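Chain and residue survey
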Amino acid sequence: MNRDDVAWSGYWPAAPTPFTATGALDADGLVALMNLYADMRVDGVLVNGSTGEWFSQTDDERRTVTEVAVDAVAGRFPVVIGVSAYTQSESSALAKHAETAGADGVLATPPPYVHPSPDEIVSYYEAVAGATQLPFMVYNWPRGVAVDMGSTPGLFSRLADIGNVAAIKDSTGDWLKMLDTVEAVSDRVRVFGSFLHRRGLATLLDLGGDGNIDGGGVGAPFAVPFYRAVADRDAESARVWADKYRAYSSRLIGGDYSGVYASPIPQLKAVMNLLAQPGGHVRPPLLPVTDTDTLAALQTVVDESGVAEASARVLGASHAA
C-alpha cells in the first residue's frame with residue numbers, strides 16, 4: 001500500500017468526543033458534530049485521536065464512538081479511527097473493530113509512557129497495521145508520548161515501508177523536522193503536518209505534503225478554502241486564507257501544540273461552545289474552562305478573528321445548496 005491507494009488530503013478535524021455535564025457519552029452530540037463537519041465541507045475526520053479523549057474512555061465506549069461516527073458520516077468523507085493504547089494487543093483489537101465498523105483507516109501513536117526504541121516502534125506498527133486490511137496512519141505525537149520519531153534518522157522511511165502504512169501525521173512541533181519527514185517519505189505515503197501558513201503553502205506547492213489534521217475543526221472556515229486553493233494551485237488565494245487561519249490559531253495554540261489560555265482540549269471545547277458547536281464537556285482529569293476572564297479572552301479571539309461570521313457564511317451556503 002502507498003499514497004496512491006488513498007485519497008487522503010486537505011483539512012481534517014481531529015474530532016472531540018462530546019460528553020454531557022455528568023460525563024456520559026453524548027452520542028447525539030457526536031452525530032451533530034459529524035453533520036457539522038459535512039456542512040463545513042471538510043476533507044476527512046479523525047475520531048478518537050488525542051483530541052477525542054481516548055484516554056478517558058473504556059474500550060466499549062471507544063467502539064461506540066467509532067460506530068456512531070462512521071454511521072453518521074455515511075461515506076461523505078473519510079473516517080480514520082484512532083486506536084492508540086498502552087498495549088499492542090489493545091490497539092490491534094480496536095483496529096479490527098474499526099474495520100468491521102466500516103472505517104476508512106486507522107491511526108496510532110507509539111504506546112504512551114513506555115518510551116519504545118526504534119526497533120520496538122517498528123515492531124509495534126507492523127503488528128497493529130497488520131491487524132487489518134485498512135490503510136494505516138502513523139502518528140508522531142511527541143507532546144503526548146514523549147517520543148519524537150523524527151529524531152531517529154531513517155525511522156519514518158522504515159515505517160513507510162510497512163505494508164498497510166499509507167500516511168504519516170507528523171505533529172512534532174519542530175517545523176524543520178516535519179520538512180525532513182516530507183522530504184523523506186512524501187513520495188511514498190501521505191504526510192499530514194503543519195502547513196497552514198505561508199511557509200507551509202510553499203512546501204505544499206513545491207516540495208510535498210498533503211494536509212492538516214487539527215483540533216476540533218474550529219478553523220475550518222479558513223482552512224478548507226485554503227486547501228481548495230492549494231488544489232487549484234491558486235497561491236494568491238491560499239495566502240489570504242493562510243493568513244486568516246494563522247492570525248486566529250496562533251492566539252490559541254502554541255508552537256508545541258500547548259493551549260494559550262488553558263490545556264488544549266478544554267480550551268478547544270470552550271471555543272466550540274462559544275461558536276455554538278457540539279463540542280460538549282470534557283472528562284476528568286481534564287477540567288472545563290469556567291473562569292470568566294478566560295472565557296472573555298477566548299470570546300475576544302473569536303470575535304476579532306471573524307471565524308464566527310465565516311462559519312455562518314459557509315453553513316448558510318451549505319444549507320442553501
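Treat the numbers as computed from the prediction; the structure is a model and nothing was measured. (Residues numbered from 1 in each chain as written. Predicted model: local features only at pLDDT ≥ 70, side-chain atom pairs only at ≥ 80, totals over all residues. Heavy atoms only, no water.)

1. Details of the environment of Val189
Relative to the helices and strands, Val189 resides in the loop between helix H7 (175–185) and strand E7 (190–192). Assessed through its relative accessible area of 0%, Val189 is described here as buried. For the pair Val189 and Asp210, spaced 21 residues apart in sequence, the C-alpha separation works out to 9.4 Å. (Helix = DSSP H or I, 4+ residues; strand = E, 2+ residues; numbered from the N terminus. Buried < 20%, exposed > 50% of the residue type's maximum accessible area, 1.4 Å probe, protein only.)

2. Looking at the side chain of Arg62
Here Arg62 shows up in helix H2 (residues 59–73). It turns out Arg62 is buried and unbridged, and the closest side chain with the opposite charge, Glu90, is 4.6 Å from it. Those residues in contact with Arg62 that lie beyond four places of it in its chain are Asn48, Trp54, Gln57, Gly82, Val83, Ser84, Ala85 and Leu94. (Lys, Arg positive; Asp, Glu negative; His and termini not counted. Salt bridge = Lys/Arg side-chain N within 4 Å of Asp/Glu carboxyl O. Contact = heavy atoms within 4.5 Å.)

3. Structural notes on the pattern of salt bridges
On inspection of all chains with the given rule, the structure shows 12 salt bridges. Two residues, Asp161 and Arg188, come together in a salt bridge whose shortest N-O distance is 2.7 Å. Of this pair, Asp161 sits in the loop between helix H6 (155–160) and strand E6 (165–170) while Arg188 sits in the loop between H7 and E7, placing them 27 residues apart in sequence. Given a relative accessible area of 56%, Asp161 falls into the exposed group. Note that Arg198 and Asp243 form a salt bridge whose closest N and O atoms lie 2.7 Å from each other. Taken together, the residues Arg198 in helix H8 (residues 198–206) and Asp243 in helix H10 (residues 235–249) connect sequence positions 45 residues apart.

4. So, the packing of aromatic side chains
Under the defined criterion, the tally for this structure stands at 11 aromatic pairs. Residues Phe222 and Tyr248 carry aromatic rings whose centres are separated by 6.1 Å and whose planes lie at 90° to one another, so their mutual orientation is edge-to-face. In this pair, Phe222 sits in helix H9 (residues 220–231) while Tyr248 sits in helix H10, placing the two residues 26 residues apart along the sequence. Cluster of aromatic residues (ring-pair linked, three or more members): Trp8, Trp12 and Phe192. Residue placement shows Arg199 over the ring face of Trp175; its charged tip is 4.6 Å from the ring centre. (Phe/Tyr/Trp six-rings, centres within 6.5 Å; stacked < 30°, edge-to-face > 60°. Lys NZ or Arg CZ within 6 Å of the ring centre and 35° of its normal.)

5. Details of a nonpolar patch on the surface
There is a patch of nonpolar side chains on the surface, built from Tyr86, Tyr113 and Val114 and spanning about 410 Å² of accessible area. Topologically, Tyr86 is positioned in the loop between strand E3 (79–82) and helix H3 (88–101). (Patch = residues over 30% accessible without salt bridge, like charges linked within 9 Å, V, L, I, M, F, W, Y side chains within 5 Å. Areas by Shrake-Rupley, 256 points an atom, 1.4 Å probe, with all protein chains shown as cover.)

6. Looking at empty space enclosed by the protein
Summed over all chains, the structure comprises 1 cavity of 30 Å³ or more. Of the volumes computed, that of the largest cavity is approximately 30 Å³. Asn48, Arg62, Thr66, Ile81, Gly82, Val83, Leu94 and His97 are the residues that line the largest cavity. Of all the secondary-structure elements, those providing two or more residues to the lining of the largest cavity are H2, E3 and H3. The residue inventory of the lining of the largest cavity, partitioned by class, reads 3 nonpolar, 4 polar and 1 charged. (1 Å grid on protein atoms, 1.4 Å probe; cavity = no way out; pocket = protein on both sides within 12 Å on 5 of 7 lines; lining within 4 Å. Points joined across faces, edges and corners; volume = space filled by probe spheres on them. Nonpolar A, V, L, I, M, F, W, Y, C, P; charged D, E, K, R; others polar.)

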